[in-house]
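# Close look at the chain arrangement
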Amino acid sequence: MHYLILTPDGVGSTILQRLLTMALHLEGEKVTNTHELTSGLGFANGVVVKKASVGYSQNLSEIEKILENSDTKIKIVSRVAKYHLNNRNDNEKHKESFYKFLNNFYGKKIKCVRENIFEYAMSWSIRNESDVLNVYTQEDRIKVAAVSEVNEQYFLRKCKEYVEYQNWIEKHFPEIETMSYEDLLSDGDKVIANMIGYEGTFKKHFGISLDCILKSEYDYLRGSKQSLSRQEQKGLKDQNIITSSMPMKNTTLSDKKMQIKNFDNCLTIFYKFAKQHNWIDQSKATYDFWNGKNVN
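Reading guide: rules and limits
- Residues numbered from 1 in each chain as written.
- Predicted model: local features only at pLDDT ≥ 70, side-chain atom pairs only at ≥ 80, totals over all residues.
- Heavy atoms only, no water.
- Phe/Tyr/Trp six-rings, centres within 6.5 Å; stacked < 30°, edge-to-face > 60°.
- Helix = DSSP H or I, 4+ residues; strand = E, 2+ residues; numbered from the N terminus.
- Buried < 20%, exposed > 50% of the residue type's maximum accessible area, 1.4 Å probe, protein only.
- Contact = heavy atoms within 4.5 Å.
- 1 Å grid on protein atoms, 1.4 Å probe; cavity = no way out; pocket = protein on both sides within 12 Å on 5 of 7 lines; lining within 4 Å.
- Points joined across faces, edges and corners; volume = space filled by probe spheres on them.
- Pairing = 2+ DSSP bridges.
- Axes fitted to C-alpha atoms, helices over the stretch in contact; angles between N-to-C directions.
- Expected span 1.5 Å × (residues − 1).
- Arc of directions from axis to C-beta.
- Core = buried A, V, L, I, M, F, W, Y, C linked by side-chain atoms within 4.5 Å.
- Polar contact = N/O pair within 3.5 Å; in protein donor to acceptor, adjacent residues only side chain to side chain.

## A few points about the packing of aromatic side chains
According to the stated counting rule, one finds 15 aromatic pairs in the structure shown. Taking 6.0 Å as the distance between ring centres and 75 degrees as the angle between the ring planes, the aromatic pair formed by Tyr99 and Trp168 counts as edge-to-face. Here Trp168 lies in helix α7 (residues 152-172) and Tyr99 lies in helix α4 (residues 92-105), a separation of 69 residues in the sequence. The exposure classification of Tyr99 matches that of Trp168, with both residues buried.

Laid out in structure tokens, this is it:
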């Protein structure tokens, strides 16, 4: 079975792809991770792989053919981000055909979401100021921590884009599973087990649960001594299937509250926006899931 992850970006899709790929590999499955489908694919020994240099030059039909011609014995983990499709400007008829192909080709389709949409838009707004898309190193964390104010118009734009993403999913991917960023980071072992059908993969192979790994990496970036040992960190990187280290949790909602001086202004903007969409749970806007408390 192949895995397709759908995302607006900024909702855990990168780490989910890599965790799924690693977990399947650890369980003895043959697997490849193509990352984003619509920004370049290629072949390596008959297996579809990422080829970023190709960019948007492949049309959607070519992407379909590459996937169809990949070794059928190897599982494929892929992502489609809505913003890439927006950037490509493909013909609407071709996109409709592509969506049908994706629904048929991938046995498991996963919608990445944020329970706290306010924090999603705030995280993106901090990204916009820091130019750090994902945090991999202490240097990345320092750049993010230097942001003290966000652009409120950009914040509102990200709220609107999230709603557009939900509408896009509802229209084109009727049979889909949902994975929340909050669940992945707080109960990752269960999330991965439910997706691949194997229990306790990370504990079994590394002697430490995925939940503990993610928590320890966050503590490390925040300067805590309660971090993974060098040996444990080395054990998490299999260079045959993952091209770079996994992104880590950088700031909690409590961190953002202390760091961003127009945090409350953005919160007011969010509440006004959310009233236009009754499916948005406004009560979660001030809940810090990582620390299990409200910030207001």
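## A look at the environment of Tyr154
With respect to the helices, strands and loops of the structure, Tyr154 is situated in helix α7. Overall, the relative accessible area of 13% leaves Tyr154 in the buried class. The spatial distance from the C-alpha of Tyr154 to the C-alpha of Trp124 is 8.7 Å, given a sequence separation of 30 residues. Excluding residues within four positions of it along the chain, Tyr154 makes contact with Trp124, Ser125 and Asn128.

## Here we look at empty space enclosed by the protein
Across all of its chains, the model carries two cavities of 30 Å³ or more by this definition. Considering only enclosed or pocket space, the second largest cavity measures out at about 40 Å³ in volume. The wall of the second largest cavity is formed by Asp189, Ile192, Ala193, Tyr198, Glu199, Gly200, Thr201 and Phe202. If you tally residues by element for the lining of the second largest cavity, the top one is helix α9 (residues 188-196), at three residues.

## A few points about the sheet that holds strand β1 (residues 3-7)
Taken together, five strands build an open sheet; the order of strands is β2-β5-β1-β6-β7 and the sheet is parallel. Edge strands, defined here as strands with exactly one partner in the open sheet, are β2 (31-36) and β7 (177-180). Recorded for the sheet is a direction-independent mean angle of 20 degrees between the axes of neighbouring strands. Note: β1 against strand β6 (residues 108-113), four bridges, orientation parallel.

## Section: the side chain of Gln17
Position of Gln17 relative to the elements: it lies in helix α1 (residues 13-26). Judged by relative accessible area, which is 0%, Gln17 ranks as buried.

## Some words on helix α14 (residues 263-274)
Here α14 contains 12 residues, and its C-alpha end-to-end distance of 16 Å stays within 8% of the 16 Å for a straight helix at 1.5 Å per residue. Among the residues of α14, those classed as buried are Phe263, Cys266, Leu267, Phe270, Phe273 and Ala274. The arc that holds every buried residue of α14, seen down its axis, measures 125 degrees, which confines them to one face. The outward face of α14, more than 90 degrees from its buried face, is lined by the exposed residues Thr268 and Lys272. Where α14 is buried, its residues touch α5 (117-130), α7 and α13 (253-259).

## Points about helix α6 (residues 138-145)
Buried within α6 are the following residues: Asp140, Arg141 and Val144. Each buried residue of α6 lies within a common arc of 100 degrees when the element is viewed along its axis, so the set occupies one face.

## A closer look at the nonpolar core
The biggest cluster of nonpolar side chains holds 80 residues, and the ones touching the most others in it are Leu16, Leu67, Phe118 and Ile192. Among the elements that make up this core, the one with the highest residue count is α7 (eight residues).

## Details of the side chain of Lys158
Along the chain, Lys158 turns up in helix α7. Here Lys158 falls in the buried class, since its relative accessible area comes to 5%. In this structure the side chain of Lys158 is engaged in a polar contact, spanning 2.6 Å, whose partner is the side chain of Glu161. In contact with Lys158, other than residues within four places in its own chain, are Tyr120, Ala121 and Trp124.

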